[in-house]
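For reference, the chains in residue letters:
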Amino acid sequence: MNLLMRQTLPLLELDILKTFVAIAETGNFTTAAETVHRTPSAVSMQIKKLEELLGCSLFRRDARSVVLTHHGEVLLSYARRLIALSNEAVSRFMMPEMNGVVRLGAPDDVGELILPEVLKRFAESYPSIAVNVSIENSANLRRAVAERRLDLAIFNATDGTIPVPGEILLKEQLVWAGKNCGNAHLKTPLPVSVWEEGCIWRAKALEELSRSGRDFRVAYFCAHHMGQRAAIRADLAVAPLARFLIGDDMVALGEKDGLPDLGHYHIGLVVNDEAEAPAQAVADYIRTVFARMERRPMDMLQVAC
């Protein structure tokens, strides 16, 4: 009897599981629909079909959010494992030569906010390629690629100064960040939070402050963007940040607030000229992700992979 029941159990469809996982990760049916390249109505129909198949509700919905039920949390673990196993099996036959270790470098902001999602999606397509990540400042990253200690690196560069070799992935605005309703930007001398030497944001900010004649002091020093954000949120200082790093409790400041315009900067990519196929695959995937970002409003925390 038990054997008969197991033989007649329905099979879970991977396409529907991918949609289910996308909703669970984004918390939004519309965003998930964009991720899986379907219409919101098609996504809703897939989830309805899945819930009918399993005989339980997978999401709790209200006007503003979608969250997993207990049954949904249980299924999510299975869904991720099934999708990963499917990708591994397919890649074993379609890309048997694509394996190895790739050494990738990135600056702090990219490494923390963008790469985790990018590498997660990459691993789904290339499960046999291991990517080791190094977080460093941009100058050191480019040097490491030139010296072949890294296979490729994402780096930040000031507007119009992309080094050769190197290519532009994305152009983003650099702004002064301050606490929302704070007054650090009104103080004299201006308290500034900066990174270590070699940071292009630091160099640009201090250069523009000196050029504008604004009196300033380095009030907070940290080599990590989370430290800069902490100083801003405590209203201890203002700091130069990429616009995409501005949180809800922060505000972008500029010339109307007595601070010089910082212009734009570029996120670039440099690849070792001896990089092998696995590293080239990582580079191509990174190019694709950033190309999608440039065609859409910047939202680095929900990468459109």
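All of these numbers come straight from a predicted model, not from anything done at the bench.

**Comments concerning the environment of Arg202**
Looking at the element boundaries, Arg202 is found in helix H9 (residues 200–212). The class for Arg202 is buried, based on a relative accessible area of 14%. Every residue in contact with Arg202, bar those within four places of it in the chain, is listed here: Val194, Trp195, Glu196, Glu197 and Phe221.

**Comments concerning the layout of surface pockets**
For the largest pocket, the calculated volume is near 650 Å³. Lining the largest pocket are 23 residues, with Lys18, Ile83, Asn87, Arg121 and Glu124 positioned closest to its centre. Residue assignment for the lining of the largest pocket shows that the elements contributing at least two residues are helix H2 (14–26), helix H5 (70–94), helix H7 (115–125) and helix H11 (277–294). Looking at the lining of the largest pocket, the element that brings in the most residues is H2, giving six residues. Classifying every residue of the lining of the largest pocket gives nine nonpolar, five polar and nine charged.

**Here we look at the environment of Lys120**
Tracing the backbone shows Lys120 in helix H7. On the basis of relative accessibility, which here comes to 30%, the residue Lys120 falls in the partly exposed class. Among residues more than four places away in sequence, those in contact with Lys120 are Glu25 and Arg80.

**Points about the packing of H2 against helix H4 (residues 40–54)**
Between H2 and H4, the shortest axis-to-axis distance is 10 Å and the interhelical angle comes to 110°. The angle between H2 and H4 places the two elements in the roughly perpendicular class. Two secondary-structure elements touch here, H2 through Asp15, Ile16, Thr19, Phe20 and Ile23 and H4 through Val43, Gln46, Ile47, Lys49 and Leu50. Partitioned by chemical class, the residues of the contact of H2 with H4 number six nonpolar, two polar and two charged.

**Considering unusual backbone geometry**
Across the junction of Thr188 and Pro189, the peptide omega takes the value -5°, indicating a cis bond. Relative to the assigned elements, Pro189 resides in the loop between strand E6 (167–179) and strand E7 (190–194). With phi around 60°, His37 is a residue other than glycine that occupies positive phi space. For Cys181, which is not glycine, the phi torsion reads 65° and is therefore positive. Given the relative accessible area of 78%, Cys181 is considered exposed.

**Considering the packing of aromatic side chains**
In the structure shown here, the tally under the stated rule is six aromatic pairs. Between Phe29 and Phe59, the aromatic rings sit 6.0 Å apart at their centres with planes inclined by 70°, giving edge-to-face as the arrangement. One end of the pair, Phe29, is in helix H3 (residues 29–35); the other, Phe59, is in strand E1 (residues 59–61), with 30 residues separating them in the sequence. Residues Trp195 and Trp201 carry aromatic rings whose centres are separated by 5.4 Å and whose planes lie at 80° to one another, so their mutual orientation is edge-to-face. For Trp195, a relative accessible area of 7% corresponds to the buried category. A network of ring pairs unites the aromatic residues Phe20, Phe29 and Phe59 as a single cluster.

**As for H7**
Along H7, the positions that sit buried rather than exposed are Leu115, Val118, Leu119, Arg121 and Phe122. For H7, the angular spread of buried residues about the axis comes to 160°, placing them on one side.

**Some points on the nonpolar core**
Core analysis: the biggest nonpolar cluster contains 55 residues, and Leu152, Ile154, Trp176, Trp201 and Ile286 have the highest contact counts within it. Here the element with the most residues in this core is H11; it accounts for eight residues. Among all residues touching Leu152, those that are not within four sequence positions of it are Val102, Arg103, Leu104, Gly105, Val145, Leu269, Val270, Val271, Ala279, Val282, Ala283 and Ile286.

**Considering the pairing of strand E5 (residues 152–158)**
Counting buried positions over the seven residues of E5 gives six, a clear majority of the element. The pairing of strand E3 (residues 100–106) with E5 spans two bridges and is parallel. Following the sheet pairing, Gly105 is matched in E5 by Ala153. Both E5 and strand E11 (residues 264–271) contribute to a ladder of seven bridges, which runs antiparallel.

Rules used throughout
- Residues numbered from 1 in each chain as written.
- Predicted model: local features only at pLDDT ≥ 70, side-chain atom pairs only at ≥ 80, totals over all residues.
- Heavy atoms only, no water.
- Helix = DSSP H or I, 4+ residues; strand = E, 2+ residues; numbered from the N terminus.
- Buried < 20%, exposed > 50% of the residue type's maximum accessible area, 1.4 Å probe, protein only.
- Contact = heavy atoms within 4.5 Å.
- 1 Å grid on protein atoms, 1.4 Å probe; cavity = no way out; pocket = protein on both sides within 12 Å on 5 of 7 lines; lining within 4 Å.
- Points joined across faces, edges and corners; volume = space filled by probe spheres on them.
- Nonpolar A, V, L, I, M, F, W, Y, C, P; charged D, E, K, R; others polar.
- Axes fitted to C-alpha atoms, helices over the stretch in contact; angles between N-to-C directions.
- Parallel < 35°, antiparallel > 145°, perpendicular 65-115°, else oblique.
- Phe/Tyr/Trp six-rings, centres within 6.5 Å; stacked < 30°, edge-to-face > 60°.
- Arc of directions from axis to C-beta.
- Core = buried A, V, L, I, M, F, W, Y, C linked by side-chain atoms within 4.5 Å.
- Pairing = 2+ DSSP bridges.

In short, shape yes, function no, at least from these values alone.
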